[in-house]
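# Fold and contact review
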Amino acid sequence: MSRAEEELRSIVRKLLERKDVELVLGYEYYGRSVRPCFVSKPEEVERLVWNSDCWFNLATYLRSLRSRRVGIVAKGCDGRSIVELVKENQVDRGSIVVIAVECNGVFKPFKYGSTHVGRRLADYCRRCVTRVSPVADYLVKKGGQAPEDENTVAGDNASDWLSLFRKCLKCMACVKACPLCYCTECSIEGFKPDLVHRLRVPQELFTFHLTRALHMAGRCVECGACESACPVEIPLTRLYHELNEWFRENYGYAPGMSLSEAPPPLVFKEGGED
Amino acid sequence: MLFLDEDGFKRLLEQLVSNIRVIAPVETDGYFEFKTIKHGGEASLDYSNTRLPPKRFFLPQREVVFKHDPKTRALHEPMGGLEAVLLGVRPCDASALNIFDSVLLKPPNPDPFYESRRRSITVVSLSCAKPREECFCNVFEAGPIRGSGEDITLTRITGGFLVEARSRRGQSLVEVSASLFEEAGPEHLEEYGELTCRLTREMNSRIEISRERLVRLEATLDEGFFQQAAQRCVECSLCSFTCPVCYCFDTEDYFEKNAYVRTKGWDTCASTLFTRMASGLDPRVSRVDRFCHRFCHKLSRIPMAFNSFGCVGCGRCVSLCPVGVDIREVLKRWG
Amino acid sequence: MGLNPYAPKPARIVRIRDETPDTKTFTLSPNCFEGFTPGQFAMLTVYGVGEAPFSICSSPLNKDCLQFSIRRMGRVTRMIHEARVGDEVGVRGPYGRGWPVDRMKGRDILIVGGGIGLAPLRSLVLHLLEGRENYGEIAVCYGARTPSLLMYRDELGEWAGRGVKLYLTVDVGEEGWEGSVGVVTTILGKPELDKADAIVCTCGPPVMIRFVLRRLVELGYSKENIYASLESRMRCGIGKCGHCHFGGKHVCLDGPVFQYREMTSLPKGISPF
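In short, a report on the structure. Because the structure is predicted, anything quoted here is derived from the model rather than measured.

Moving on to the overall build of chain A. Scanning chain A from N- to C-terminus turns up 9 helices and 6 strands. Relative to its 274 residues, chain A shows a buried fraction of 45%. Long-range contacts, defined as pairs at least 24 residues apart, comprise 70% of the intrachain contacts of chain A with a sequence gap of at least 6.

Looking now at the sheet that holds strand E4 (residues 62-68) of chain B. All names here are of chain B. The 3 strands are arranged E4-E11-E10 in an open sheet whose pairing can be described as antiparallel. At either margin of the open sheet sits one strand with a lone partner, and together these are E4 and strand E10 (249-256). The average angle at which neighbouring strand axes cross in this sheet is 25°, direction not considered. Looking at chain direction, E10 and strand E11 (residues 259-266) are connected through 8 bridges and run antiparallel. Counted as the bridge partner of Phe255 is Tyr260 from E11.

The next point concerns the pairing of strand E1 (residues 2-5) of chain B. Relative to strand E8 (residues 160-165) of chain B, E1 of chain B is paired through 4 bridges, and the arrangement is antiparallel. Residue pairing across strands places Leu4 of chain B opposite Phe161 of chain B, the latter belonging to E8 of chain B.

Once that is clear, we can look at the environment of Gly224 of chain B. Residues and elements named next belong to chain B. Inspection of the secondary structure puts Gly224 in helix H7 (residues 223-232). For Gly224, a count of 8 C-beta atoms within 10 Å gives the class exposed. For the pair formed by Gly224 and Val288, sequence separation is 64 residues and the distance between their alpha carbons is 9.8 Å.

Here we take up the interface of chain A and chain B. Contacts between the two partners involve 28 residues from chain A, matched on the other side by 32 residues from chain B. When contributions to the side of chain A that touches chain B are tallied by element, the ones reaching two or more residues are strand E2 (33-39) and helix H5 (173-177) of chain A. The element that contributes the greatest number of residues to the side of chain A that touches chain B is E2 of chain A, accounting for 4 residues. Split into classes, the residues belonging to the side of chain A that touches chain B amount to 16 nonpolar, 7 polar and 5 charged.

Residues and elements named next belong to chain B. In a regular helix each residue adds 1.5 Å, so 14 residues correspond to 20 Å; helix H1 (residues 6-19) covers 20 Å between its end C-alpha atoms and thus fits that length. Those residues of H1 that sit buried are Leu12, Leu13, Leu16 and Val17. In a view along the axis of H1, the buried residues occupy a sector of 130°, so they form one face of it. Turned more than 90 degrees off the buried face of H1, the exposed positions are Asp7, Ser18 and Asn19. Packing partners of the buried residues in H1 comprise E1, strand E2 (21-28), strand E3 (31-37) and strand E5 (84-89).

Residues and elements named next belong to chain B. Pairing within the open sheet is mixed, and its 8 strands lie in the order E3-E2-E5-E6-E7-E8-E1-E9. In this open sheet, the two edge strands, each paired with only one partner strand, are E3 and strand E9 (182-183). Sheet strands touched by helix H5 (residues 186-206): E1, strand E7 (152-157) and E8. Its angle to E7, the strand with the most contacts, is close to 95°.

Definitions and cut-offs
Residues numbered from 1 in each chain as written. Chains lettered and ligands numbered in written order. Predicted model: local features only at pLDDT ≥ 70, side-chain atom pairs only at ≥ 80, totals over all residues. Helix = DSSP H or I, 4+ residues; strand = E, 2+ residues; numbered from the N terminus. Buried ≥ 20, exposed ≤ 12 C-beta atoms within 10 Å, placed from the backbone. Contact = placed C-beta atoms within 7 Å. Pairing = 2+ DSSP bridges. Axes fitted to C-alpha atoms, helices over the stretch in contact; angles between N-to-C directions. Nonpolar A, V, L, I, M, F, W, Y, C, P; charged D, E, K, R; others polar. Expected span 1.5 Å × (residues − 1). Arc of directions from axis to C-beta.

Treat this as a map of the structure, not an account of what it does.
Next up, the structure:
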């Protein structure tokens with residue numbers, strides 16, 4: 001157990017003992033990997049871990065727990081998604097306790113049938129701008145450098161999005177793993193709005209991904225949960241990063257950096273600037 | 001049981017490739033995927049398993065099942081599939097075909113699209129020598145040596161392969177190239193026996209359960225356990241879409257190129273839309289119910305109806321689930 | 001190669017009758033079924049739009065056409081409502097298990113409907129009326145939210161004239177309504193039937209079915225003889241697609257008509273209990 005983990009557990013134990021929160025969202029070991037866990041009793045805090053396999057963004061669960069007081073272990077990017085959720089009125093900042101963990105980047109998760117051996121830092125972590133969450137009630141320092149790649153494999157430099165999308169199964173893991181994909185009637189999930197036919201594969205994969213990308217522009221905090229959840233490893237975060245860059249250049253806004261800065265689409269007024 | 005030496009295997013593969021479409025695992029971008037190969041050398045047989053199961057060759061993610069041209073009034077009828085050999089399917093994935101047969105070919109309404117594909121593809125399985133960490137095929141008797149849906153089972157032993165024809169179609173494929181095969185000798189059979197013993201022991205040491213108890217899962221459902229486990233589920237369809245057994249489908253109609261088209265394609269019970277009716281009523285409204293349904297269907301209802309489980313233990317859902325939902329935890333608790 | 005079970009047969013709309021403000025009865029010809037049991041359903045296709053399951057509401061003895069009463073609900077039903085006489089739709093079926101007509105000979109029969117739930121029961125009533133002398137008393141208890149939402153209004157009188165005891169009720173009366181006011185369970189006690197032996201068939205909204213079943217048992221009807229028609233989302237109608245699979249039963253194969261005891265073993269949600 002690392003010093004950071006020890007500190008994390010003691011914070012969570014204190015929160016649960018004092019009944020400051022009903023539940024803490026954290027990570028636990030699972031085989032040789034790590035998965036989300038829900039801790040609600042002080043004696044369960046020993047399950048909690050914090051390491052470079054904790055790629056999942058726990059903020060995804062916050063909306064479904066809206067009625068409860070919840071503690072959440074948040075990396076830098078997770079914290080940014082909490083900021084966006086608060087600004088979009090999806091969660092109440094007052095009812096969540098953010099336990100920020102300093103993050104040096106996460107590994108790409110192990111995938112079934114992969115021939116890669118050794119761990120590799122996720123590509124999106126190489127572009128990270130916030131190692132610590134911009135909102136924090138507690139801070140767990142980790143220190144040290146970004147984890148080293150265990151072997152050198154060339155990074156994804158595929159740029160042919162069409163052939164990348166062709167691999168897509170439309171399994172919705174990217175949508176469901178995303179903390180900011182919360183629309184109750186999703187336009188790309190099909191059924192009622194029927195914008196993108198669910199079964200038109202591969203014809204409408206391009207529409208599917210670009211529709212999602214447009215909705216993420218200027219909102220995506222680049223936590224990479226979609227990319228890591230993807231069973232066929234489409235580097236989605238890179239697409240959203242490009243759109244974010246465009247958004248930043250044009251509107252001077254980067255999502256999730258501060259609670260006070262309003263997202264341009266939300267302050268857009270009819271009839272011009274005044 | 002027959003023996004095919006390394007050289008014979010290479011020649012058999014070349015013969016097949018020149019005569020028929022051969023689909024085999026090929027390494028691409030750090031993964032193995034089933035692809036049509038042009039020459040024998042493309043196939044790699046040194047794989048743990050393919051990223052995605054060979055399900056799509058039998059049940060494509062999307063297929064047209066009905067076409068109606070309002071002008072010519074021509075109807076679309078199911079076509080005979082293209083003859084092919086699917087080589088190097090792992091026994092677990094081959095066993096999934098057995099479940100497809102039970103469900104989709106069940107009279108009085110067999111699915112003619114599945115039937116034609118199943119009839120035109122010869123499945124050659126390759127036994128696992130090194131089961132993956134997340135594999136549990138032993139639980140369902142779907143491997144690691146023999147599965148239950150293949151036409152031929154190959155097992156790699158020193159110097160070549162042991163060949164077991166499992167169906168008439170498999171038998172005839174062997175007969176076409178009879179000169180390449182020889183009767184397996186006692187040393188081959190001894191090695192095969194040892195391999196079977198070793199692998200069975202290894203797998204059983206990981207997980208061993210009572211199948212009789214497991215079938216009663218639905219009757220003895222423990223909501224508390226599932227509520228805990230379902231909390232984590234984010235309801236994507238990754239587990240269904242990467243599962244070799246999940247066969248549930250949806251249909252969709254639209255107008256395309258002067259014709260009314262009906263397509264049929266993969267669907268998932270994890271979706272909140274799966275049982276929702278047009279009126280908005282939904283008999284399976286909670287996340288826990290949807291979560292339970294997946295396990296009950298596979299582990300309780302399919303075995304009750306067809307005498308084989310709806311899971312083959314390939315481990316894909318275990319490994320790929322973004323939030324670590326693990327079917328083995330259900331098995332350990334109920335089996 | 002087997003027949004394509006996903007391909008519908010074409011049929012033309014020959015008559016459209018308004019039943020209620022949001023429900024119409026469509027008569028389709030030809031009748032492409034060789035025969036069916038009252039209570040069975042068919043899949044109707046609006047070409048290029050989609051397909052949905054509907055109860056057949058015409059008599060099985062009508063060999064010329066099929067009738068469906070359809071309420072405007074989703075995409076498919078909205079398109080059907082926009083159709084005109086002469087338009088072509090697709091039909092496939094008949095699917096599922098209908099009402100237990102074989103068990104009805106010589107017995108009293110109670111039919112309980114709510115709203116559009118009368119559709120599959122109409123098929124049964126018409127079937128029973130064709131051989132009226134083979135059955136004991138036939139009583140129909142039918143309720144709707146308002147008088148204008150009662151289905152088959154001009155036909156109900158004719159049923160009564162042919163030996164059906166008719167009991168109507170509405171949740172909320174309107175001007176000119178002189179019948180009973182209240183939910184359908186309030187009139188279930190009125191028919192005087194041989195309760196131990198009578199066959200009961202019910203269909204309506206899930207919440208209605210729940211209370212009707214409870215009331216029927218209170219009144220002394222035998223659980224063995226109570227049947228209800230349930231609904232669920234369906235895609236294939238032939239037990240393959242998995243949408244209507246609940247607790248080991250396929251609504252499309254084992255239903256839509258279920259016996260009381262079968263319903264008790266269905267999982268909550270689909271089960272009316």
